[in-house]
Amino acid sequence: MSDDDIHIEEYDHPAGGWGSLKSLGSILLEEHVALAGARALMHQNKPDGYACVSCAWAKPAAPHRFEFCENGAKATAWEITAKRAPPEFFLEHTARALEGWRDHDLEGQGRLTAPLRWDAATDCYVEVSWESALEEIARELRALEPSEAVFYTSGRASLEASYLYQLMVRMYGCNNLPDSSNMCHESTSVALPKTIGASIGTVTLEDFDQTDCIFFFGQNVGTSSPRMLHQLQDARRRNVPIITFNPLREPGLVSFANPQSPTEMLTAAETQISTQYHQVRTGGDAGAILGLCKALIESDDDCARQGIPRVLDTAFIAEHTHGFEAFAACARSTDWFDIERASGLGREALTAAAAQYARARAVIAIYGMGLTQHRNGVETVQMLTNLLLLRGNIGKLGAGICPVRGHSNVQGQRTVGITEKPELAPLEKLEELYDFEAPREKGLTTVDACEGIIAGRVRAFVGLGGNFLRAVPETERMEKAWRRLRLTVQIATKPNRSQIVHGDIAYILPCLGRIEIDRTGGIEQSVSVEDSTSCIHASRGVTEPASPLARSEPWIIATLAAALLPPNARAPWESWASDYALVRLAIERTYPDIFRDFEQRRWQPGGFARPLPARQRIWKTASGKANFIVPTSLDADPDMASPEGNVLRLMTLRSNDQFNTTVYGYDDRFRGVSGTRSVLMMNTDDIARLGLHDGDLIVAATVADDMKREVGGLRVTAHDIPRGCAAAYYPECNPLLPLWHHAAESKVPAAKSIPIRVRKVSGPRGSGS
Ligand SMILES: Nc1nc2c(c(=O)[nH]1)N[C@H]1C(S)=C(S)[C@@H](COP(=O)(O)OP(=O)(O)OC[C@H]3O[C@@H](n4cnc5c(=O)[nH]c(N)nc54)[C@H](O)[C@@H]3O)O[C@H]1N2
Ligand SMILES: Nc1nc2c(c(=O)[nH]1)N[C@H]1C(S)=C(S)[C@@H](COP(=O)(O)OP(=O)(O)OC[C@H]3O[C@@H](n4cnc5c(=O)[nH]c(N)nc54)[C@H](O)[C@@H]3O)O[C@H]1N2
Ligand SMILES: [Mo]
């Protein structure tokens, strides 16, 4: 890429709008699926169609005519692409040669078409039969201790595939089931059971219709869950205030033009999304939210003294909560100075936000990776529930907590047993149904799995989707260790680096995507997924499969299980492989409360909702109440010696042109970056203070004592971001993220607060100044 292709400018248009239509048309053309793509999109997120493979946002019962967004359409085009990576491609390029390829170019080859095995003599992946592949994988796994194998899942696989996968792994003998949520919303799954007795959000679409105030923390809606902009736009039409906390001024959170509304498009009308925008310091949310709570509690104290109506919902607090006094004491005694320092926000700004909160009958709090991917991610999520509990904003129409899930079925996978925590899986039930002894030892999280791979304790890695090696921290050490694995198996749709770097025995197994018609067993199969609002939907593919040799995920897992496990009449793997209705029956038997009448109800428009006791104010916690939690610290990053000085706090995030490690292209339209991903967004004062200039090329180095971690070739880019904070793209910057730098309890890598220093290499455009 030449420098002339790189453009950086400010973006001052609304999210959505013409820009998004243009971008959509071009990706359908690039993937050579203009017609097929347009046809498929009409079925996206529709009751009889397929669930989008991009984000997990709710699929309404009465969908829009076009119930998709720019990024969902990109994901569709990327999956149903006419491009192919057939065995010939792998014969032409050795694995070593492919190591030099960028993520975009690897996946850009297109869909995998045949099972492949790495051949040591030629260093090429070579076509093999399914039978021999699954036979050898099973043999290799049987030769190991079960604890030496890791079975990863990325959050796309259906409920059916996920259920079979966890059952296979447990019958094999371990709980080593890390998944992408270990890097994502695990902070939520650990935080919420202690506060409200649920591991998932409580908000449904109905609440969006009834809310009268929305708080929005650390989630980039315009890129990561654009269909939610419909709910936000509707709320704004009703004059509902939206109060946003984000270090970056993200255009999708500022304003939106609906590309599906002809009038808005013709008149260039746009909706203001955020009514207050607080550019909190990265990692400053615990401080900011404590500030909101302090303002509310202190004004409530005033009301109590004056004998006038209270600010807090004292009846709710008395009846439904535990620990209020201790939390209130903490809020009262924390100094505004400390809150301002931690959050980077002034007392007036926080008091103004608290005043909006106090005026609202029902408040929704939405959040994403900006809260969960910090060392104190769990406590920050708990702080957010503290705020909601103050005015009874859980278990009330129009109110609740709304973690925006990442992958399209990541929440559902947990529902059917994908978890490394044995206590969260229905082990007794599984034992009763399948007559085996389920393992009780704790399994490995993503971070544990990485440690095990580096230490050589883990010998085999099976990936059900995803691109583990690129998604995890500590890229360089991980790549070295990955090569020492005995067995690597990737069930995937596209080539990626987790396959190209590989173990002694390595397989790539091509699977069908969810958008494709699945004719396994000679019938048209369908699958099911759960969205961010806990509604469970059927999903049926609509396009022809990429290759006759690609197999469905349920088939691959069930066939591997049949080869791997001793015969067991109770676990009919062969039948499961060819009729997913039988898998759904097994899911219903395992979880009768959630999946009653699963086969029928999943076709209901809008899906069927999981029972959620917290919505009814039934608190499944140890105290039987909703718990206030006192924070141990407001500091997002105890490792960071001095947040001032020349240390910057780096957040690694997504562009508008990627889905996680899948890089569609090199433009981040909303942030005004095009033609490159190698940028370091910085505050102009920091640029000047550190003796840098916009456009300088720098090396970023992690501030950590244990070893050197660097990423070079980054271009200093002035951006509207608080002083002391910086931003760059994931996964390119993952070499900077130490494996030990993760959230307490949840072990989610703290990808949003990496302490770094920068070193100049050359001046703008390589002038060497
Ligand atoms: N198009 C597209 N959609 C996606 C994905 C994708 O890659 N592309 N990924 C999917 C997945 S798996 C996930 S988990 C979600 C991720 O969706 P998001 O949660 O939106 O994740 P990020 O892009 O990492 O951005 C996080 C946002 O948090 C802000 N932020 C960073 N640090 C802080 C902080 O300390 N405090 C606050 N308040 N804000 C902060 C950033 O400025 C950014 O706006 O999206 C899903 N949807
Ligand atoms: N620094 C930093 N690191 C991060 C993050 C961050 O914000 N910053 N975010 C973290 C988060 S939130 C997440 S969720 C993880 C994501 O980590 P992963 O879920 O592991 O990664 P993806 O990029 O979503 O996986 C892409 C690959 O999935 C395969 N694939 C696509 N569709 C299918 C399918 O239908 N079936 C199968 N079997 N395979 C398929 C394709 O081959 C593709 O190459 O990354 C985490 N890592
Ligand atoms: Mo995620």
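Residues numbered from 1 in each chain as written. Chains lettered and ligands numbered in written order. Predicted model: local features only at pLDDT ≥ 70, side-chain atom pairs only at ≥ 80, totals over all residues. Heavy atoms only, no water.

## Thoughts on the overall build of the protein
When you go through the protein residue by residue, the secondary structure sums to 32 helices and 32 strands. Relative to a compact globule of 769 residues, whose C-alpha radius of gyration would be 27 Å, the protein shows 25 Å and is just as compact. Overall, the protein is about 80 × 65 × 55 Å in size when its C-alpha atoms are taken along their principal axes. Counting every position in the protein, which comprises 769 residues, the buried fraction comes to 65%. Looking at the protein alone, contacts between residues at least 24 apart form 78% of all its contacts between residues at least 6 apart. As displayed, the protein offers around 26,700 Å² of accessible surface, 52% of which is attributable to carbon and sulfur atoms. Taken together, the 81 basic and 95 acidic charged side chains of the protein have centroids lying 2 Å from each other. (Helix = DSSP H or I, 4+ residues; strand = E, 2+ residues; numbered from the N terminus. Rg over C-alpha atoms; globule rule 2.2 N^0.38 Å. Buried < 20%, exposed > 50% of the residue type's maximum accessible area, 1.4 Å probe, protein only. Contact = heavy atoms within 4.5 Å. Areas by Shrake-Rupley, 256 points an atom, 1.4 Å probe, with all protein chains shown as cover. Lys, Arg positive; Asp, Glu negative; His and termini not counted. Charge placed at Lys NZ, Arg CZ, Asp CG, Glu CD.)

## Some points on the site of ligand 1
Close contacts around ligand 1 come from 30 residues, with Asn246, Glu250, Gly283, Asp285 and Asn660 the closest. At 3.4 Å from an oxygen atom of ligand 1 is found a main-chain nitrogen or oxygen belonging to Gly370. Taking Asn660, its main chain carries an N or O atom lying 2.7 Å from an oxygen atom of ligand 1. Going through the elements one at a time, helix H11 (221-224), helix H20 (369-372), strand S23 (648-653) and strand S24 (658-659) are the ones with two or more residues in the shell around ligand 1. Grouping the amino acids of the shell around ligand 1 by side-chain chemistry returns 10 nonpolar, 16 polar and four charged. Each of two domains, domain 2 (186-248 + 281-404) and domain 3 (648-762), supplies a minimum of three residues to the shell around ligand 1. (Near = heavy atom within 4 Å. Polar contact = N/O pair within 3.5 Å; in protein donor to acceptor, adjacent residues only side chain to side chain. Nonpolar A, V, L, I, M, F, W, Y, C, P; charged D, E, K, R; others polar. Domains from an automatic or database assignment.)

## Quick notes on the site of ligand 2
Residues in close proximity to ligand 2 total 32 residues, the closest being Glu107, Tyr152, Glu553, Thr661 and Tyr730. For ligand 2, an oxygen atom lies 3.2 Å from a polar atom in the side chain of Gln373. Here Thr493 contributes a side-chain N or O atom positioned 3.3 Å from a nitrogen atom of ligand 2. Protein burial of ligand 2: of its 930 Å² of free accessible surface, 97% is covered by the chains. A breakdown of the residues in the shell around ligand 2 according to their chemical character gives 12 nonpolar, 14 polar and six charged. Here the shell around ligand 2 spans two domains, and each of domain 1 (84-181 + 409-528 + 538-593) and domain 3 (648-762) adds at least three residues to it.

## So, the sheet that holds strand S30 (residues 710-718)
One closed barrel holds the six strands; their spatial order is S23-S31-S28-S30-S29-S32, and the pairing between them is mixed. Averaged over all neighbouring strand pairs, the angle between strand axes comes to 45°, with direction disregarded. (Pairing = 2+ DSSP bridges. Axes fitted to C-alpha atoms, helices over the stretch in contact; angles between N-to-C directions.)

## Structural notes on the packing of helix H8 (residues 159-172) against helix H23 (residues 427-434)
Where H8 meets H23, the closest approach of the two axes is 12 Å, and the angle between their N-to-C directions is 85°. Taken together, H8 and H23 sit at an angle that is classed as roughly perpendicular. In this structure, H8 contributes Tyr163, Gln166, Leu167, Arg170 and Met171 to the contact, and H23 contributes Leu427, Leu430 and Tyr434. Counted by class, the contact of H8 with H23 contains six nonpolar, one polar and one charged residues. (Parallel < 35°, antiparallel > 145°, perpendicular 65-115°, else oblique.)

## Let's talk about the sheet that holds strand S2 (residues 15-16)
The strand order S2-S10-S11 describes an open sheet built from three strands, whose pairing is mixed. Bordering the open sheet on either side are S2 and strand S11 (271-272), each of which pairs with just one other strand.

## A word on the nonpolar core
Ranked by size, the top nonpolar core spans 62 residues in total, and within it Phe151, Tyr163, Met168, Tyr434, Leu509, Trp573 and Phe595 carry the most contacts. Top element by residues in this core is H8. It accounts for 10 residues. Apart from residues no more than four positions distant in its own chain, Met168 is found in contact with Phe151, Ile557, Leu560, Ala561, Leu564, Leu565 and Trp573. (Core = buried A, V, L, I, M, F, W, Y, C linked by side-chain atoms within 4.5 Å.)

## Describing unusual backbone geometry
Glycine aside, residues mostly have negative phi angles, and peptide bonds mostly take the trans form. With an omega of 5°, the peptide bond between Tyr730 and Pro731 qualifies as cis. By the element assignment, Pro731 lies in the loop between strand S31 (725-729) and strand S32 (754-762). For Asp597, which is not glycine, the phi dihedral falls at a positive 50°. Within the secondary structure, Asp597 sits in the loop between helix H30 (580-590) and helix H31 (598-601). Within the chain, Asn660 stands out as a residue other than glycine whose phi angle is a positive 50°. The class of Asn660 is buried, set by a relative accessible area of 15%.

## Quick notes on helix H15 (residues 285-306)
Spanning 22 residues, H15 covers 32 Å between terminal C-alpha atoms, matching the ideal 32 Å at 1.5 Å per step. Across the 22 residues of H15, 16 count as buried, placing the element largely inside the fold. The first or second residue beyond H15 is Gly307, which carries a positive phi of 70°. (Expected span 1.5 Å × (residues − 1).)

## Considering the packing of aromatic side chains
Within a pair of aromatic rings, the relevant descriptors are the distance that separates the centres and the angle that separates the planes. Following the criterion strictly, the structure yields 26 aromatic pairs and no others. An angle of 80° between the planes, with centres 5.0 Å apart, marks the rings of Phe89 and Phe90 as edge-to-face. Looking at Phe89, the relative accessible area reads 6%, which means it is buried. Judged by centre distance (6.4 Å) and plane angle (85°), the ring pair of Phe595 and Phe608 falls under edge-to-face. Taken together, the residues span a long stretch of sequence, with Phe595 in the loop between H30 and H31 and Phe608 in strand S21 (residues 608-609) at a distance of 13 residues. (Phe/Tyr/Trp six-rings, centres within 6.5 Å; stacked < 30°, edge-to-face > 60°.)

## Brief notes about the domain arrangement of the protein
Accessible area lost on assembly of the parts is the figure often given for the size of an interface. Each assigned domain of the protein is listed with its residue range as follows: domain 1 (84-181 + 409-528 + 538-593), domain 2 (186-248 + 281-404) and domain 3 (648-762). Between domain 2 and domain 3, the C-alpha centre-to-centre distance is 28 Å. With 21 residues of domain 2 at the interface, the matching set in domain 3 holds 26 residues. Across the domain 2 to domain 3 interface the summed buried area is about 1,900 Å²; carbon plus sulfur atoms make up 56%. Broken down residue by residue, the surface that domain 2 buries against domain 3 is led by Leu248, Gln373 and Arg375, which jointly contribute 36%. (Buried area = accessible area lost by both parts, 1.4 Å probe.)

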